[in-house]
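The primary structure of each chain is shown beneath.
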Amino acid sequence: MNTYHQELLLEIKQEAKQNPVSSKHTNSYSGTKNYSYPLSNQQRRNIVKRFIKKHSNISVETMIELLNSLYESKSYDEKTMAGMILDTVKHLKSQIKPEYLDVWLNNLEGWSEVDSLCQSKFGAEDFLTYWIDWQKLIKNLAKNNNINKQRASLVLLTKPVRDLKNEQFKYLALEVVKKLKDRREILITKAISWLLRDMIKNYRQEVKNFLILYKDSLPKIAIRETNTKLATGKKT
């Protein structure tokens, strides 16, 4: 654990002492067995904001070391706050190559931890900068035996397919959905629905055709929610 991580952990513990009431996001809700301090999501964000303000001149290299340390930690709070740092330090994202995520995902469990790293963190511009590496990562995650990495392969694509109409994004997204469409764990079925719904913005007809072609094998929830989004513009 590096010194910056130690500093963050001390703030987490101090904040938790002042708020000895369990957070609404319990371990069972977030899908992780990792320890969770009694903190709200807003309290975690406030800790991160204070830390970034105090260390505004921290180098990218040191920040990545901090992220490595946070993702190896034992608590839900430390792991998800790493994602908040990525949200806060915008210039840091351009330095994050796809192989980092493969390593970090080894330590994440459940939809909340996975999504804290993968949801809307990396968009079309990020993918195009290292396209070959992102494509390789997504394909490898989708075929990995770790269900958390499988979810990550779907969630990581939700922002790029919304950001830009790009044939490479479309083919990769549909390839990943085809790879995972027979899974019935909610961790995967909800992510498939999410990705297909987000594809509607730029690939409406392709999504319609896909639902028809794979109507017998796609998760029912994905078919229902995607058809509703196509008809009404809303999930439900």
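Source: prediction; values computed, not measured. Each residue is numbered by its place in its chain's sequence as written, counting from 1. In view of the model being predicted, local features appear only for residues whose pLDDT reaches at least 70, and side-chain atom pairs are presented and counted only at 80 or more, with totals across whole chains, interfaces and linings using the full set of residues. Values reported for side chains reflect all heavy atoms of the structure, with hydrogen atoms and water molecules removed beforehand.

A. Region of the structure containing the overall build of the protein chain. Strands are runs of DSSP state E lasting at least two residues, helices are runs of H or I lasting at least four, and both sets are numbered from the N terminus onward. Secondary structure summary: the protein chain contains 13 helices and zero strands in total. Helices and strands appear in the protein chain in the N-to-C order α-α-α-α-α-α-α-α-α-α-α-α-α. C-alpha atoms define the radius of gyration in this analysis, and the globule rule sets the expected value at 2.2 Å times the number of residues to the power 0.38. For 236 residues, the compact-globule formula gives about 18 Å, and the C-alpha radius of gyration of the protein chain, at 18 Å, lands near that figure. Each principal axis of the C-alpha distribution contributes one length, and for the protein chain these read about 55 × 40 × 35 Å. Out of the 236 residues in the protein chain, the part that is buried amounts to 52%. Here, two residues are considered to be in contact whenever any of their heavy atoms come within 4.5 Å of each other. Sequence separation of at least 24 residues holds for 71% of the intrachain contacts in the protein chain that already meet a minimum separation of 6. Carbon and sulfur atoms make up 49% of the accessible area of the protein chain, which amounts to about 11,700 Å² in all. Buried means the residue's accessible area, taken with a 1.4 Å probe over protein chains only, is under 20% of the maximum for its type, while exposed means over 50%, and partly exposed covers the values in between. The Shrake-Rupley method, run with a 1.4 Å probe sphere, supplies the accessible areas, and residue values consider only the shown protein chains as cover.

B. Local environment of the nonpolar core. Core analysis: the largest hydrophobic core is formed by 72 residues, its most contacted members being Ile 85, Leu 92 and Leu 156. A total of 12 residues in this core trace back to one element, the largest contributor, which is helix H12 (residues 186-213). What Ile 85 contacts, discounting residues up to four positions off in sequence, is Leu 8, Val 48, Ile 52, Met 63, Leu 66, Leu 67, Leu 70 and Leu 92. Residues belong to one nonpolar core when they are buried, are Ala, Val, Leu, Ile, Met, Phe, Trp, Tyr or Cys, and are joined through side-chain atoms within 4.5 Å.

C. Spotlight on the packing of aromatic side chains. Ring pairs are drawn from Phe, Tyr and Trp, using the six-membered ring of Trp, whenever the two centres fall within 6.5 Å, and their geometry is named by plane angle: stacked under 30 degrees, edge-to-face over 60, tilted for the rest. Scanning the entire structure with this criterion turns up 10 aromatic pairs. For the pair Tyr 71 and Trp 104, a centre-to-centre distance of 4.9 Å together with 25° between the ring planes defines the contact as stacked. Residue Tyr 71 is found in helix H4 (residues 60-71), and its partner Trp 104 is found in helix H6 (residues 98-104); the two are separated by 33 residues along the sequence. The exposure classification of Tyr 71 matches that of Trp 104, with both residues buried. Since its relative accessible area comes to 1%, Trp 104 is described here as buried.

D. Structural view of the pattern of salt bridges. What makes a salt bridge here is a side-chain nitrogen of Lys or Arg within 4 Å of a carboxyl oxygen of Asp or Glu, nothing more. According to the stated counting rule, one finds 20 salt bridges in the structure shown. A salt bridge links Asp 77 to Arg 44; the shortest N-O distance between them is 2.8 Å. Placement of the pair is Asp 77 in helix H5 (residues 76-88) and Arg 44 in helix H3 (residues 41-54), with a sequence separation of 33 residues. An identical accessibility class is assigned to Asp 77 and Arg 44; each is buried.

E. Focus on the side chain of Arg 44. Overall, the relative accessible area of 0% leaves Arg 44 in the buried class. There is a polar contact of 3.0 Å between the side chain of Arg 44 and the backbone oxygen of Leu 39. N or O atoms closer than or at 3.5 Å make up a polar contact, with two conditions inside protein: a donor-capable atom paired with an acceptor-capable one, and, for residues adjacent in sequence, both atoms drawn from side chains.

F. Local environment of the environment of Glu 72. With respect to the helices, strands and loops of the structure, Glu 72 is situated in the loop between H4 and H5. Classification of Glu 72 by relative accessible area gives exposed; the value is 57%. In this structure, the C-alpha to C-alpha distance between Glu 72 and Trp 104, residues 32 residues apart in sequence, is 7.7 Å. Ignoring anything within four residues of it in the chain, the contact list for Glu 72 reads Lys 79 and Asn 107.

G. How the structure looks around the environment of Leu 172. Following the sequence through the fold, Leu 172 ends up in helix H11 (residues 167-180). Classification of Leu 172 by relative accessible area gives buried; the value is 2%. As a C-alpha pair, Leu 172 and Ile 147 span 25 residues in sequence and 19 Å in three-dimensional space. Apart from the residues within four sequence positions on either side, Leu 172 is in contact with Trp 131, Gln 135, Ile 138, Lys 139 and Leu 157.

H. The arrangement of the environment of Lys 139 in detail. Note that Lys 139 resides in helix H9 (residues 131-142). The sequence separation of Lys 139 and Ser 193 amounts to 54 residues, and the corresponding C-alpha distance is 18 Å. If sequence neighbours within four positions are ignored, Lys 139 has contacts with Leu 172 and Glu 175.

I. Representation of the packing of helix H7 (residues 110-118) against helix H10 (residues 147-163). The angle between two axes is taken between their N-to-C directions and runs from 0 to 180 degrees, where each axis is a line fitted to C-alpha atoms and a helix contributes only its stretch in contact. Two elements in contact, H7 and H10, have axes separated by 10 Å at closest approach and are oriented at 45°. On the basis of the axis angle, H7 is oblique to H10. The interaxial crossing formed by H7 with H10 has right-handed handedness. Packed against H7, whose contacting residues are Gly 110, Trp 111, Val 114, Asp 115 and Cys 118, the element H10 presents Asn 148, Arg 151, Ala 152, Val 155 and Leu 156 at the interface. Roughly parallel means an angle under 35 degrees; roughly antiparallel means over 145; roughly perpendicular covers 65 to 115; every other angle is labelled oblique. In this scheme the crossing of two helices becomes right-handed for a clockwise turn of the near helix relative to the far one and left-handed for an anticlockwise turn of less than a right angle.

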